[in-house]
Amino acid sequence: MNRRRFVLAASATAGLSAGSGCLGVREPDGLRLGGILLTNRRPERVEARLRVTRDGTPVLDERYALAAADDGDGSGVFRNDAWADRVGVYGVRVDLADGPSEAFEYTGDHRDGTCTIARVGIREGTVAFGSHRATEEAPCRPDGES
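Thresholds, definitions, all that
Counting of residues starts from 1 at the beginning of each chain's written sequence and follows it residue by residue. Where totals are concerned, whole chains, interfaces and linings use all residues; where local detail is concerned, this predicted model gives features only for residues with pLDDT of at least 70, and gives and counts side-chain atom pairs only at 80 or more. Here the side-chain values reflect all heavy atoms present in the structure, with hydrogen atoms and water set aside. Nonpolar cores were defined as sets of buried Ala, Val, Leu, Ile, Met, Phe, Trp, Tyr and Cys residues, with membership established by side-chain atoms within 4.5 Å. Working definition: with a 1.4 Å probe on protein chains only, accessible area under 20% of the residue-type maximum means buried, over 50% means exposed, and in between means partly exposed. A run of H or I in DSSP counts as a helix once it spans at least four residues, and a run of E counts as a strand once it spans at least two, with each numbered from the N terminus. The contact criterion used throughout is that any non-hydrogen atoms of two residues lie within 4.5 Å. Any two strands with at least two DSSP-identified bridges between them are counted as paired. Between the N-to-C directions of two axes lies an angle of 0 to 180 degrees, each axis being a line fitted to C-alpha atoms and, for a helix, fitted only over the stretch in contact. Throughout this description, a polar contact denotes any pair of N or O atoms lying within 3.5 Å of each other; where both atoms belong to protein, one of them has to be capable of donating a hydrogen while the other can accept it, and for residues adjacent in sequence the pair is counted only when both atoms sit in side chains.

(A) Region of interest: the nonpolar core. Membership of the largest hydrophobic core comes to 22 residues, with the highest contact counts inside it found for Ile 36, Leu 38, Leu 50 and Val 94. Among the secondary structure elements, those contributing two or more residues to this core are β1 (31-40), β2 (46-54), β3 (57-66), β6 (90-96) and β8 (116-123). Setting aside residues no more than four positions away along its own chain, Leu 50 makes contact with Ile 36, Leu 38, Leu 60, Asp 61, Glu 62, Tyr 64, Val 92, Arg 93 and Val 94.

Take a look at the structure:
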């Protein structure tokens, strides 16, 4: 088989596979964000602005006054909103009243299972971003599920 026929055959096979659902199980670029855990790890009170975008569209813009960390466990807030049932690329930005502004983009590369929780830790001099798999109770449900 010559190269042109091979490329055409491979393209047709990929097209048929995608249409029949073989590749349909792969989600588009992005993830299901079940929530954001914003934690203060500093020994003093912190004022923070949390902004979230989904595919570039703002979905959350709120300010929080977080108490000082208690014995290293931190003080924080957990947010989960209407975005939880949608796959997308999520941008999370934290602006501190007395310090740095940091942002991170959660994409398909940062997926942890079917539902991901963003972890944002406010530390001395920086904001650290991470993620972990959501529990069964998390509000990440595909459209139509209860």
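(B) Focus on the sheet that holds β2. Judged by pairing direction, the sheet is antiparallel, and its 4 strands sit side by side in the order β3-β2-β6-β7 without closing on themselves. With one partner strand each, in any of the chains shown, β3 and β7 (101-106) form the two edges of the open sheet. With direction set aside, neighbouring strand axes in the sheet form an average angle of 15 degrees. The pairing of β2 with β6 spans 7 bridges and is classified as antiparallel. Bridge pairing links Arg 54 to Tyr 90 in β6.

(C) Region of the structure containing the environment of Ser 75. Residue position: Ser 75 is located in strand β4 (residues 75-79). A sequence separation of 46 residues divides Ser 75 from Gly 121, and the C-alpha atoms of the two residues are 9.8 Å apart. Not counting residues within four places of it along the chain, the set of residues in contact with Ser 75 comprises Leu 38, Thr 39, Asn 40, Leu 66, Ala 67, Ala 68 and Ala 69. In this structure the side chain of Ser 75 is engaged in a polar contact, spanning 3.3 Å, whose partner is the backbone nitrogen of Ala 67.

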